[in-house]
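# Understanding the architecture of this molecule
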Amino acid sequence: MESTQTTPLPGTAAGAVDEVDLTPVRTYWQLVRQRFVRHRLAVIAFFLMAILIAMALFIPLLSGDAWKETSLERINQPPSLTAPLGYDNLGINTFARLMKGLQTSLFIGFSAVVVIVMIGVTVGAMAGYFGGWADNALMRFVDIVLSIPTFFLILMLVAFWGTGNAWVIIIAIGLTGWTTAARLVRAEFLSLREADFVQAAKALGAGDRRIVVRHMIPSAMAPVVVAATLGIADSVVIEAALSFLGFGITPPEASLGNMLTKAQDYFYRDPLLAWYPGITLILVVLAASFLGDGLRDALDPRQRVEAN
Amino acid sequence: MARYVVRRLIQAIPIIIGISIIAFAIVHLAPGDPFDRFRSNKVSPEVIENLRRVYGLDQPLPVQFVKWFTTFWTFPWDSTAWGYSITDGLPVRDKIFERIPSTLQLMGTSLILTIIIAIPVGILGAVRQYSIADKTIAVITTIGYALPTFWLGIILRQIFAQQLDLFPLFGKHSFGKEGDVLDLLWHLFLPALTITIVGVAGWSRYMRASMLEVLRADYIRTAKAKGLASSRVIFKHALRNALIPIVTLLGLTIPTLLAGAAITEAVFSWPGLGFLGVSAVQERDYPVVLAFTMIGGAMVIIGNLLADVLYAVVDPRIKY
């Protein structure tokens, strides 16, 4: 939070230059990029996330069915070039399986966040735009959802409505996680409603839907994007915990959580089996959190938290 | 203040009703029922029907709901108010009450350890901002914060219980050693360590942020300017104000105390409430699941109220 630095022109002594504002005019997105790039950890997190996504997308694609192919000859084979982490007790290529698990986890994490944003933005926009009793009713509903312990609610939804189904997990995380996004959007809307450009749109005769969708939602998205990025970390961990408890993705499908469950049974032969999915999970969480922090500083400087 | 508390409690009534409707709907509208696993050629359909009737599952849902919701609140004097468990036929209330001490032991220990460690660490980070100590703490707490609790539990158990064989794998007592305090502490160590590590990572960051906020205040500069010793400034002037948000955090932690450690309890088979909740979901034990959700909801409401009341108690500027 230092005052903006003024760089003296090359070849001139500092202070000798006239008081001319030499900073070029920058667009919003240029400013965003500039602020983001200055956040070193966020840039690293961005590349880490990109690498993780690329690996989760392409390695299972290139290695075909290696993530579930068992083989008697390969049981407990040590690491090799094609199997950097060796083979497990069924002769499955551990690395290929890890990447398939990462794919499942990232897919669930990102999809859940999409559901969270969709529900959250809709509820928050309605509450903030219409105000009055609609706002009251929706916010009381938010209070109710917030009052049920989240993980237990997800556990109930998944266990009773479709154990092992990725879509049920995505919807369960979405149905329980939207409250933060809704509150953020509502707060933005309450102030945006009085903003000049919204009043202008209204004066020009734009309908409610046009005002909300074209004018207000784009302006209210910054905090939502930040919350969504941080939400990826939560969703991925929740999926792993569900799978670990046996409610999530069940074998033969691969997920980071069910690889952990299996690792527990084979600890004596290969204690490292629990580390691979765990470290992968931590990398995803760290990447998402730092990316979220960087995006907060870049998109929404007002919300900047000095603490980090 | 009393009026404020009463008003908040009245506002909680619709929330409680809302929670109960949502929980009841999730449980009872779900496909299948708890007795599905008994269905086979060897069990006659009448037996299943009988079971359904005993547990009241044959009645229309609205009737079931009203009956369940109205009797639920008679629990202080009626041990059957929460119904009977489907897995073992015991009164749900007793099953839940008997788990409370274990959960309090685990979560109480972890919470106390968390506070004892996190507050000094947070103060150190704030007072020596950007020093090597602060940066080291920041790296450690960031990683700690990113650790999924259940994975940390698995790894600690793998290292200390399986590989080094220093601590027991699971449970609360060795066989035949119930009531032995040392044995209890020995079993408590790993699950409590798991929750404490994650807790310290979060709490120390809050503490540091809160302390930094206060250290920037004018009255701190005044205190320094009039020549007070820096230890006095930090502990007498800054710390007391920096603790205000932490007290609030304490209220918000109450609900997780009772239900939040479900996964850690499951990893270590610690016989607490959270573990009971997870197993009840696994067994489709509807009455236990519903009672557990209601208790969880009530805890959140009480915790929030407690946070606000404590806030007013420690900060005289706040008046309700």
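Worth saying up front: this structure is predicted, and the values here are computed from it rather than measured. (Residues numbered from 1 in each chain as written. Chains lettered and ligands numbered in written order. Predicted model: local features only at pLDDT ≥ 70, side-chain atom pairs only at ≥ 80, totals over all residues.)

### Side note on the overall build of chain B
Here is the rule we go by: Under the scheme used here, helices are H or I runs from DSSP no shorter than 4 residues and strands are E runs no shorter than 2 residues, and both carry numbers assigned from the N terminus. Partly exposed residues are those whose C-beta has more than 12 but fewer than 20 other C-beta atoms within 10 Å; 20 or more makes a residue buried and 12 or fewer makes it exposed, with C-beta atoms placed from the backbone. The contact rule is simple: place each C-beta atom from the backbone, and if two of them lie within 7 Å, those residues are in contact.
Helices and strands together make up the secondary structure of chain B, namely 12 helices and zero strands. Secondary structure of chain B in N-to-C order comes out as α-α-α-α-α-α-α-α-α-α-α-α. Across its three principal axes, chain B shows a C-alpha extent of roughly 85 × 55 × 35 Å. Across the 320 residues that make up chain B, the buried fraction comes to 36%. Pairs at least 24 residues apart make up 69% of the contacts formed inside chain B by residues separated by at least 6 positions.

### Points about the overall build of chain A
The helix and strand inventory of chain A stands at 11 helices and zero strands. When the elements of chain A are put in sequence order from the N terminus, they spell out α-α-α-α-α-α-α-α-α-α-α. Per-residue burial for chain A yields a buried fraction of 45% across its 308 residues. The long-range fraction of contacts in chain A, counting pairs at least 24 apart against all pairs at least 6 apart in sequence, stands at 68%.

### What about the nonpolar core?
One broad rule of soluble globular proteins: the nonpolar side chains tend to lie buried together. Residues and elements named next belong to chain A. Applied cut-off: Defined on buried residues, the nonpolar core groups Ala, Val, Leu, Ile, Met, Phe, Trp, Tyr and Cys residues joined through C-beta atoms within 7 Å.
Counting 161 residues, the largest nonpolar core has Leu155, Met156, Val158 and Ala181 as its most contacted members. In terms of residue count, helix 9 (residues 208-244) provides more of this core than any other element does, 20 residues in total. Look past the residues within four positions of Ala181 in its chain and what remains in contact with it is Ile116, Val117, Gly120, Val121, Gly124, Val224 and Ala227.

### What about the interface of chain B and chain A?
Listed per partner, the contact involves 39 residues of chain B and 32 residues of chain A. Secondary structure elements with two or more residues in the side of chain B that touches chain A: helix 1 (2-28), helix 6 (149-163), helix 7 (181-215), helix 9 (230-260), helix 10 (262-267), helix 11 (273-283) and helix 12 (286-314) of chain B. Counting residues per element, the side of chain B that touches chain A draws most heavily on helix 1 of chain B, which supplies eight residues.

### Things to note about the environment of Ala50(A)
Residue and element names in this part refer to chain A. Looking at the secondary structure, you find Ala50 in helix 2 (residues 40-63). Here Ala50 falls in the exposed class, since 12 other C-beta atoms lie within 10 Å of it. Sequence separation between Ala50 and Ala287 is 237 residues; the distance between their C-alpha atoms is 9.3 Å.

### Quick notes on the confidence of the model for chain A
Quick note on the threshold: You can read pLDDT as the predictor saying how much it trusts each residue, on a scale of 0 to 100.
For chain A, the mean per-residue pLDDT works out to 83, and 89% of the residues sit at or above 70. Here residues 303-308 of chain A scores under 50 on pLDDT; set against residues more than four positions off or in separate chains, the count is 10 contacts.

### Considering helix 11 of chain B
Counting buried residues in helix 11 of chain B gives eight out of 11 residues, a clear majority hidden from the surface. Burial in helix 11 of chain B covers these residues: Leu273(B), Gly274(B), Phe275(B), Leu276(B), Gly277(B), Val278(B), Ala280(B) and Val281(B).

### Considering unusual backbone geometry
For the peptide bond that leads from Pro251(A) to Pro252(A), omega is 10°, which places it in the cis range. Turning to its location among the elements, Pro252(A) is positioned in the loop between helix 9 and helix 10 (256-265). We note that Ser269(B) has phi near 45°; this positive angle belongs to a residue other than glycine. You can see Ser269(B) is positioned in the loop between helix 10 and helix 11. When the 15 C-beta atoms within 10 Å are taken as the criterion, Ser269(B) is described as partly exposed. Not every positive phi belongs to a glycine, and Arg284(B) is a case in point at roughly 55°.

### Focus: helix 5 (residues 150-161) of chain A
Residues and elements named next belong to chain A. Stated precisely, the cut-off is as follows: One fewer than the residue count of a helix, multiplied by 1.5 Å, yields its expected span.
With 12 residues, helix 5 extends 16 Å between its outermost C-alpha atoms, agreeing within 8% with the 16 Å of an ideal straight helix rising 1.5 Å per residue. Taken as a whole, helix 5 has its buried residues at Phe151, Phe152, Leu153, Ile154, Leu155, Met156, Leu157, Val158, Ala159 and Phe160. Directly beyond the C-terminal end of helix 5, a positive phi value near 150° is found at Gly162.

### Details of the environment of Ile301(B)
Within the secondary structure layout, Ile301(B) lies in helix 12. A residue is classified by how many C-beta atoms lie within 10 Å of it, and Ile301(B), with 21 of them, is buried. When the C-alpha positions of Ile301(B) and Ile254(B) are compared, they lie 9.8 Å apart, and in sequence the two are 47 residues distant. The contacts of Ile301(B), once residues within four sequence positions are left out, are Ser147(A), Ala12(B) and Ile15(B).

### Quick look at the packing of helix 11 of chain B against helix 12 of chain B
Residue and element names in this part refer to chain B. Using the following cut-off: Axes here mean lines fitted to C-alpha atoms, for a helix over just the part in contact, with angles spanning 0 to 180 degrees between N-to-C directions. By definition in this entry, angles of less than 35 degrees are roughly parallel, angles greater than 145 are roughly antiparallel, angles of 65 to 115 are roughly perpendicular, and the rest are oblique. Handedness of a crossing is defined here by the sense of rotation of the near helix relative to the far one, left-handed for an anticlockwise turn of less than a right angle and right-handed for a clockwise turn. Classification used: nonpolar for Ala, Val, Leu, Ile, Met, Phe, Trp, Tyr, Cys and Pro, charged for Asp, Glu, Lys and Arg, polar for all others including Gly.
For the pair helix 11 and helix 12, the least separation of the axes is 8 Å and the interaxial angle reads 140°. On the basis of the axis angle, helix 11 is oblique to helix 12. The crossing of helix 11 and helix 12 is left-handed. Across from Leu276, Gly277, Ala280 and Val281 in helix 11, the residues of helix 12 making contact are Val288, Val289 and Phe292. Of the residues belonging to the contact of helix 11 with helix 12, the class tally is six nonpolar, one polar and no charged.

### Examining the packing of helix 5 of chain A against helix 11 of chain B
Across the interface, helix 5 of chain A lies against helix 11 of chain B with an axial gap of 9 Å and an inter-helix angle of 15°. In terms of axis orientation, helix 5 of chain A runs roughly parallel to helix 11 of chain B. Of the two elements, helix 5 of chain A crosses helix 11 of chain B, and the hand of that crossing is right-handed. Residues Phe152(A), Leu155(A), Met156(A) and Ala159(A) of helix 5 of chain A form the contact with helix 11 of chain B, whose participating residues are Gly277(B), Val278(B), Val281(B) and Gln282(B).

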